[in-house]
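Below are the chains, spelled out letter by letter.
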Amino acid sequence: MDRITLTGIRCEGRLGVSEEERVLPQLVEVDLELEADLSSAAESDELTDTIDYGPLVELTMRLVEAGRYRLLEGLAGAIARAALETTADILAVTVRVRKLAVPMDVDMDHAQVEIRRERT
C-alpha cells in the first residue's frame with residue numbers, strides 16, 4: 001500500500017492525567033501515516049487524484065489545541081478516527097503522538113504512543 005507521511009506536526013495542547021498537567025498547554029508532536037492507493041496521482045500528477053493533506057494537518061492541530069485529553073492514547077485515537085472520517089480514500093492511518101515534556105524526574109526526550117486504525 002502507498003503512504004503519505006506527515007512528520008513532526010507541532011502544536012500545544014492540554015494533556016495529562018492530573019489537573020496540574022492540564023493547567024498550561026504543552027508542546028506535542030504528531031506524526032500521521034496515511035495508507036491509500038496513490039497510483040492515480042502518480043500517473044496524473046494532479047492534486048485532485050490524491051489526498052490533500054493540508055486539511056488533515058489543520059484538523060490534527062485543532063484536535064490537539066482544543067481538546068483536553070488525559071492520555072496520549074485518547075488524543076491519538078481521536079486523530080485517527082477523524083482522519084478516517086475525512087475521506088474514504090484513506091484505507092488506514094497510523095498516528096504517533098509525542099509529549100515532549102514528561103512530568104517525571106528523569107532525563108528523557110519524550111513519551112510516545114503509536115496507534116494504527118484501518119477502515120472497516
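A brief report on the enclosed structure follows.

### Some points on the sheet that holds strand β4 (residues 92-99)
Point 1. Taken in spatial order, the 5 strands make up an open sheet running β3-β1-β2-β4-β5, and their pairing is mixed. At either end of the open sheet lies a strand with only one pairing partner, and these are β3 (68-69) and β5 (111-118).
Point 2. In this sheet, β4 lies alongside strand β2 (residues 26-36) in antiparallel orientation, the contact comprising 8 bridges. Counterpart to E29 in the pairing with β4 is R98.
Point 3. On the sheet, helix α3 (residues 54-66) packs against β1 (2-15), β2 and β3 and is oriented at approximately 25 degrees with respect to β1.
Point 4. The strands touched by helix α4 (residues 72-86) are β1, β2, β3, β4 and β5; relative to β4, the strand with the most contacts, the crossing angle is about 150 degrees.

### Some points on α3
Point 1. End to end, α3 covers 18 Å across 13 residues, agreeing with the expected 18 Å (1.5 Å per residue, within 8%).
Point 2. Inspection of α3 places L56, L59, T60 and V64 among the buried residues, and these make up the whole buried set. End-on, the buried residues of α3 take up no more than an arc of 130 degrees, which puts them together on one face. Those residues of α3 that are exposed and aimed more than 90 degrees away from the buried face are E58 and A66.
Point 3. Structurally, α3 contributes buried residues whose contacts are with β1, β2 and α4.

### A look at unusual backbone geometry
Point 1. We note that D45 has phi near 60 degrees; this positive angle belongs to a residue other than glycine.
Point 2. For D45, a relative accessible area of 70% translates into the label exposed.

Rules behind the numbers
Residues numbered from 1 in each chain as written. Predicted model: local features only at pLDDT ≥ 70, side-chain atom pairs only at ≥ 80, totals over all residues. Heavy atoms only, no water. Pairing = 2+ DSSP bridges. Helix = DSSP H or I, 4+ residues; strand = E, 2+ residues; numbered from the N terminus. Contact = heavy atoms within 4.5 Å. Axes fitted to C-alpha atoms, helices over the stretch in contact; angles between N-to-C directions. Expected span 1.5 Å × (residues − 1). Buried < 20%, exposed > 50% of the residue type's maximum accessible area, 1.4 Å probe, protein only. Arc of directions from axis to C-beta.

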